[in-house]
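# Tertiary structure, described
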Amino acid sequence: MTELAARPRRPYRVGYAPGAYDLFHIGHLNILRHARSQCDYLVAGVVSDEMAELAKGRRPMIPLVERLEIVRSVKYVDAAFVETVPDKVETWKQVRFDVIFKGDDWRGTAKGDKLERDFAAVGVDVVYFPYTVHTSSTQLRRALDALAAPPAEQPLTAERR
């Protein structure tokens, strides 16, 4: 039996894992690792700075060119694609994936329900993976903002008067 024949068949041929991938952390790595285990070829969609600002109300801390290079360098990723439109079905028309992977923080939300409806119409599955609650780019950004903030004004005490 050859090594190829011994390898278990993955359920999808081409998978797509979109994200901003700002302040790359273990949650991002977990999504990409789990996604790659479900497909033969994984495309990571890296959201442009403009699209991230539109979706999240702020630009990523790490510029697109750097986020793209980081994601491309992850061993689970076969290709990286810059997402420049908000409609994931439009992205699908360009990339042609069989499954899209999202964190399960989308499951049961209006955004997640729309994603499932839109992709059901074109025969693409939506697969959710556990969201890494203890680490997120939002938490990392808050910590960095707190470190960069000027110290709060101290009230005058008897010793300082």
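Residues numbered from 1 in each chain as written. Predicted model: local features only at pLDDT ≥ 70, side-chain atom pairs only at ≥ 80, totals over all residues. Heavy atoms only, no water.

### Side note on the overall build of the protein chain
Along its length, the protein chain carries seven helices and five strands. The linear arrangement of helices and strands in the protein chain, starting from the amino end, is α-β-α-β-α-α-β-α-β-α-β-α. For the protein chain, buried positions account for 41% of its 161 residues. Considering only contacts in the protein chain between residues 6 or more positions apart, those separated by 24 or more positions represent 75%. Carbon together with sulfur atoms contributes 55% to the accessible area of the protein chain, which is approximately 9900 Å² in total. (Helix = DSSP H or I, 4+ residues; strand = E, 2+ residues; numbered from the N terminus. Buried < 20%, exposed > 50% of the residue type's maximum accessible area, 1.4 Å probe, protein only. Contact = heavy atoms within 4.5 Å. Areas by Shrake-Rupley, 256 points an atom, 1.4 Å probe, with all protein chains shown as cover.)

### Thoughts on the nonpolar core
Within the largest apolar cluster, 21 residues are counted, with the highest numbers of intra-cluster contacts made by Ala17, Tyr21, Leu32, Leu42, Val77 and Phe101. At the level of elements, strand 1 (12–19), helix 2 (26–36), strand 2 (39–47), helix 4 (64–72), strand 4 (99–103) and strand 5 (125–129) are the ones that each hand at least two residues to this core. In terms of residue count, strand 2 provides more of this core than any other element does, four residues in total. In this view, Val77 contacts Leu32, Leu42, Ala44, Val71 and Arg72; residues no more than four positions away in its chain are not counted. (Core = buried A, V, L, I, M, F, W, Y, C linked by side-chain atoms within 4.5 Å.)

### Observations regarding the packing of aromatic side chains
In the structure shown here, the tally under the stated rule is four aromatic pairs. One aromatic cluster is present, formed by Tyr16, Phe97 and Phe119 through successive ring pairs. The ring of Trp92 is capped by Arg96, whose NZ or CZ atom sits 4.2 Å from the centre of that ring. In this structure, Lys111 is placed above the aromatic ring of Trp106, and the distance from its NZ or CZ to the ring centre is 4.6 Å. (Phe/Tyr/Trp six-rings, centres within 6.5 Å; stacked < 30°, edge-to-face > 60°. Lys NZ or Arg CZ within 6 Å of the ring centre and 35° of its normal.)

### Concerning the sheet that holds strand 3 (residues 79–83)
The strand order 3-2-1-4-5 describes an open sheet built from five strands, whose pairing is parallel. Each having just a single partner strand, strand 3 and strand 5 make up the two edges of the open sheet. Strand-to-strand twist in this sheet, taken as the mean axis angle between neighbours without regard to direction, amounts to 30°. When strand 1 meets strand 4, the two strands line up parallel, connected through two bridges. For Gly15, the partnering residue across the bridge sits in strand 4 and is Val99. (Pairing = 2+ DSSP bridges. Axes fitted to C-alpha atoms, helices over the stretch in contact; angles between N-to-C directions.)

### Section: the pairing of strand 2
Among the nine residues that make up strand 2, seven are buried, leaving the element largely enclosed by the rest of the structure. In this sheet, strand 2 lies alongside strand 1 in parallel orientation, the contact comprising seven bridges. Across the sheet, Gly19 pairs through a bridge with Val46, a residue of strand 2. Relative to strand 3, strand 2 is paired through five bridges, and the arrangement is parallel. The residue bridging Val47 from the neighbouring strand is Glu83, located in strand 3.

### Description of the pattern of salt bridges
Using the criterion set out here, one finds eight salt bridges in the structure. For Arg36, the salt bridge is made with Asp78, and the minimal N-O distance between the two is 3.0 Å. Residue Arg36 is located in helix 2, and its partner Asp78 is located in the loop between helix 4 and strand 3; the two are separated by 42 residues in the primary sequence. Arg36 gets classed as buried once you look at its relative accessible area, which sits at 17%. Between Glu90 and Lys93 there is a salt bridge, with its nearest N and O atoms 3.2 Å apart. Taken together, the residues Glu90 and Lys93, both in helix 5 (residues 88–95) and three residues apart, mark about one turn of the helix. Sharing partners across several salt bridges, the network here consists of Asp49, Glu50, Glu53, Arg59 and Arg67. (Salt bridge = Lys/Arg side-chain N within 4 Å of Asp/Glu carboxyl O.)

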